[in-house]
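An overview of the molecular structure
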Amino acid sequence: MLNDIKEILYSEEEIQSKIEELGKQISVDYEGKNPLVICVLKGAFIFMGDLVKRISVPLETDFMAVSSYGQSTKSSGVVKIIKDLDATVENRDVLIVEDIIDSGLTLSYLIDILKRRNATSVKIVTLFDKPVRRTVELVPDYSGFELPDSFVVGYGLDYAEQYRNLPFIGVLKEEVYSS
Ligand code: XMP
Ligand code: MG
């Protein structure tokens, strides 16, 4: 598995200390509130677990799975809800936890849905961001690292469902895609 990685972009230690920072800031901003923290499956599941441990205000967690139609590495903009929330978001302060923002299409669709369900507020925390790839205007409220325009794996992110368990984020060797 490690042999398939061309380059490590951020180590386990760098990721964990960034999450600690994000958690502190979120704890300050949500003081006195009881946010509903929503994990966007599957990619964000590891980040979600590490992040909520660093948030000191009371909160609820919920999980949602979405997929864009089509199966390329590019988002089509049409998003299908695979698993919806258990919780109602009406009158809740919602914090969406994402692994990575690319075009921004998935998240702008999600934000739209949650606002239509009358959430009090909807904010986004993403661990990774590829701002150069954006096709819709979307700026995360909290962001860990900006990444270059290359396909990354690890720390929850996959290629063909593999590599999610790597504790760091890295770039795959080209030969892995072409084999
Ligand atoms: P959009 O384009 O809607 O896409 O912002 C966001 C979703 O695309 C996936 N994505 C990636 N997954 N490595 C991955 O494993 C990547 O480099 C990558 N870039 C985008 C991801 O599921 C994210 O939620
Ligand atoms: Mg994926």
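Residues numbered from 1 in each chain as written. Chains lettered and ligands numbered in written order. Predicted model: local features only at pLDDT ≥ 70, side-chain atom pairs only at ≥ 80, totals over all residues.

In terms of regular secondary structure, the protein chain is built from 4 helices and 9 strands. N-terminal to C-terminal, the α/β element order of the protein chain is β-α-β-α-β-β-β-α-β-β-β-β-α. Here the C-alpha atoms of the protein chain give a radius of gyration of 16 Å, agreeing with the 16 Å that 2.2 N^0.38 yields for 179 residues. Each of the three principal axes of the protein chain carries a C-alpha extent, and together these read 50 × 35 × 25 Å. Across the 179 residues in the protein chain, those meeting the buried criterion constitute 32%. Considering only intrachain contacts with a sequence separation of at least 6, the fraction spanning at least 24 residues in the protein chain is 65%. (Helix = DSSP H or I, 4+ residues; strand = E, 2+ residues; numbered from the N terminus. Rg over C-alpha atoms; globule rule 2.2 N^0.38 Å. Buried ≥ 20, exposed ≤ 12 C-beta atoms within 10 Å, placed from the backbone. Contact = placed C-beta atoms within 7 Å.)

With that out of the way, let us pick up helix 1 (residues 12-29). Look at helix 1: 26 Å from first C-alpha to last across 18 residues, which is about the 26 Å you get at 1.5 Å a residue. Of all the positions in helix 1, only I15, L22 and I26 are classed as buried. Buried residues of helix 1, viewed axially, fall in a sector of 35 degrees; they line one side. Every exposed residue of helix 1 that faces more than 90 degrees away from the buried side is listed here: E13, S17, E21 and V28. (Expected span 1.5 Å × (residues − 1). Arc of directions from axis to C-beta.)

What follows deals with the sheet that holds strand 6 (residues 121-129). Strand order in this open sheet of 6 strands is 4-3-2-5-6-7, and the pairing throughout is mixed. Both outer strands of the open sheet, strand 4 (79-83) and strand 7 (142-146), are each paired with one neighbouring strand and no more. The mean angle between the axes of side-by-side strands here comes to 30 degrees, regardless of whether they run parallel or antiparallel. Bridging between strand 3 (residues 60-68) and strand 4 involves 4 bridges; their strand directions are antiparallel. (Pairing = 2+ DSSP bridges. Axes fitted to C-alpha atoms, helices over the stretch in contact; angles between N-to-C directions.)

Bringing the pairing of strand 5 (residues 93-101) into the picture now. The element strand 5 is largely enclosed, with a buried count of 8 among its 9 residues. Sheet topology note: the strand 2 (residues 36-41)/strand 5 ladder contains 4 bridges and is parallel. Residue pairing across strands places L36 opposite V94, the latter belonging to strand 5. Across 8 bridges, the pairing between strand 5 and strand 6 is parallel. Each residue of the ladder has a partner; that of L95, found in strand 6, is K123.

Taken together, the 3 strands give an open sheet; going across it, the order is 1-9-8, and neighbouring strands pair in antiparallel fashion. Lying at the two open borders of the sheet, with one neighbouring strand each, are strand 1 (5-10) and strand 8 (152-153). Looking at chain direction, strand 8 and strand 9 (residues 169-172) are connected through 2 bridges and run antiparallel. Looking at the pairing, V152 lines up with V171 of strand 9.

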